Amino acid sequence: MAIRIRLDQVLLDRRITLTDLADRIGITIANLSVLKTNKARAIRFSTLEALCRELDCQPGDLLQWTRDEVATSAETA
Amino acid sequence: MKGMGRASISSLLMVLLNAAWYLCAVALVAALALTLVGAAVGVHIDVTGPSVETGRNVTLSIPVSLHVEGDTHRVTAPSLGIDDAQLHELRGALKFPAHKGPLFVANFLILVGWLALALWVINQLRGFFRTLRDRRPFVPANALRLRRIAWAVIFFELARAAIIFFESYYAMTHFSVAGLAFDARPELNVFAVVNGLIILVIAEVFREGTRLADEQSLTI
């Protein structure tokens with residue numbers, strides 16, 4: 001997917017563990033792990049809001065758009 | 001009574017389907033084994049389907065359609081003042097001693113096929129209701145199971161109609177009875193075919209439901 005979650009980088013910058021974050025925002029570690037490993041299909045505004053609140057960041061700090069292979073190949077064709 | 005979960009209609013149906021599956025399996029194995037050893041066995045699957053009894057005196061029972069010749073058998077109701085009532089579209093089973101020839105083999109194969117198909121469909125239903133009992137209806141396997149059941153229902157009805165037609169035709173060309181005449185007409189139960197088509201649509205609904213459930217589970 002072209003949108004990637006930079007949760008691992010933000011957690012590293014703020015020296016917060018996934019377990020701590022899960023406790024603070026009330027989401028299971030399993031679900032946070034899905035988010036962190038970019039396996040999620042979508043993210044709720046409520047989840048994004050909780051992440052931004054606890055990590056003291058903006059949605060743009062957590063989300064990153066990258067050109068994926070499909071888009072790149074379509075452009076070159 | 002709730003539809004899904006433990007102590008629900010689904011779990012009750014699971015018990016019934018399990019019993020039906022074992023019954024069919026035992027009937028299938030017994031029919032094959034006893035036929036192979038030549039013992040006497042009579043297996044009746046459906047009043048509208050053929051049945052075969054093997055052993056020393058082989059008898060066949062085939063479904064037939066017939067009509068009554070009005071001149072020979074008059075139907076009257078004197079108390080109602082009716083003297084020209086008619087019996088029509090009669091159905092029954094013609095039982096006769098047969099040799100272990102092609103007709104016997106064909107009917108026996110139909111019987112075994114019937115049982116095998118029933119066993120397979122019941123197994124699909126068991127898998128389906130197991131997921132309902134466990135409260136996880138939207139799994140990819142269920143859409144596939146429903147699609148298989150739908151095609152089996154349609155196939156079963158088409159096969160049933162064809163078998164009855166050919167059995168009736170056989171009776172019509174080889175047997176005669178005073179005052180009665182055998183008919184050979186296609187008797188397709190359109191409602192059964194429509195039921196199959198409805199199940200096909202429900203299968204698609206389940207496929208879409210599975211996709212949505214999958215998406216929901218990956219929305220954090």
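This report concerns the structure included in the present document. Counting of residues starts from 1 at the beginning of each chain's written sequence and follows it residue by residue. Ligands are numbered from 1 and chains lettered from A, in the order in which they are written. Where local features are concerned, this predicted model is filtered to residues with pLDDT of at least 70; where side-chain atom pairs are given and counted, the filter is 80 or more; whole-chain, interface and lining totals use all residues. Note: side-chain values were computed over all heavy atoms of the structure, leaving out hydrogens and water.

## Things to note about the pairing of strand E5 (residues 82–85) of chain B
A regular strand carries its side chains on alternate faces of the sheet. Residue and element names in this part refer to chain B. Two strands pair if DSSP finds at least two bridges between them. By the criteria applied, helices consist of DSSP H or I runs no shorter than four residues and strands consist of E runs no shorter than two, each listed in order from the N terminus. Inspection of the sheet shows strand E4 (residues 75–77) paired to E5 by 2 bridges, in the antiparallel sense. Along E5, the bridge assignment pairs Ala 77 with Ile 82. Turn length for the E4-E5 hairpin, with the two strands adjacent in sequence and antiparallel, is 4 residues, and the turn residue Gly 81 shows positive phi of about 75 degrees.

## A word on the nonpolar core
As used in this record, nonpolar core signifies buried Ala, Val, Leu, Ile, Met, Phe, Trp, Tyr and Cys residues forming a set joined through side-chain atoms within 4.5 Å. Partly exposed residues are those whose accessible area sits between 20% and 50% of the maximum for their type, while under 20% is buried and over 50% is exposed, using a 1.4 Å probe and protein chains only. Residues Leu 7, Leu 21, Leu 32, Leu 51, Leu 55 and Leu 62 of chain A are the most contacted members of the largest nonpolar core, which totals 22 residues. Every element with two or more residues in this core is listed here: helix H1 (7–14), helix H2 (18–25), helix H3 (29–36) and helix H4 (45–55) of chain A. Ranked by residue count, the leading element in this core is H4 of chain A, at 5 residues. Contacts: residue pairs with any heavy atoms within 4.5 Å of one another. If we skip the residues at most four places from it in the chain, Leu 62 of chain A touches Arg 4, Ile 5, Arg 6, Leu 7, Val 10, Leu 48, Leu 51, Cys 52, Leu 55 and Cys 57 of chain A. Ranked by size, the runner-up nonpolar core spans 17 residues in total, among them Leu 17, Cys 24, Phe 129 and Ala 203 of chain B.

## Side note on the interface of chain B and chain A
Contacts between the two partners involve 6 residues from chain B, matched on the other side by 11 residues from chain A. Put simply, buried area is how much 1.4 Å-probe accessible surface two parts lose in total, over both of them, once they are put together. Carbon and sulfur atoms supply 54% of the area buried between chain B and chain A, which totals about 780 Å² over both sides. Three residues, Leu 218, Thr 219 and Ile 220 of chain B, lead the burial of chain B against chain A; their summed loss comes to 80% of the area buried on that side. The working definition used for a salt bridge is a side-chain nitrogen of Lys or Arg within 4 Å of a carboxyl oxygen of Asp or Glu. At the boundary of chain B with chain A, the tally comes to 1 salt bridge. We note a salt bridge from Arg 41 of chain A to Asp 214 of chain B, for which the minimum N-O separation is 3.2 Å. Pairs of N or O atoms are called polar contacts if they sit within 3.5 Å, as long as, within protein, a hydrogen donor faces a hydrogen acceptor (for residues adjacent in sequence, only side-chain-to-side-chain pairs). At the boundary of chain B with chain A, the tally comes to 7 residue pairs in polar contact (both at pLDDT 80 or more).

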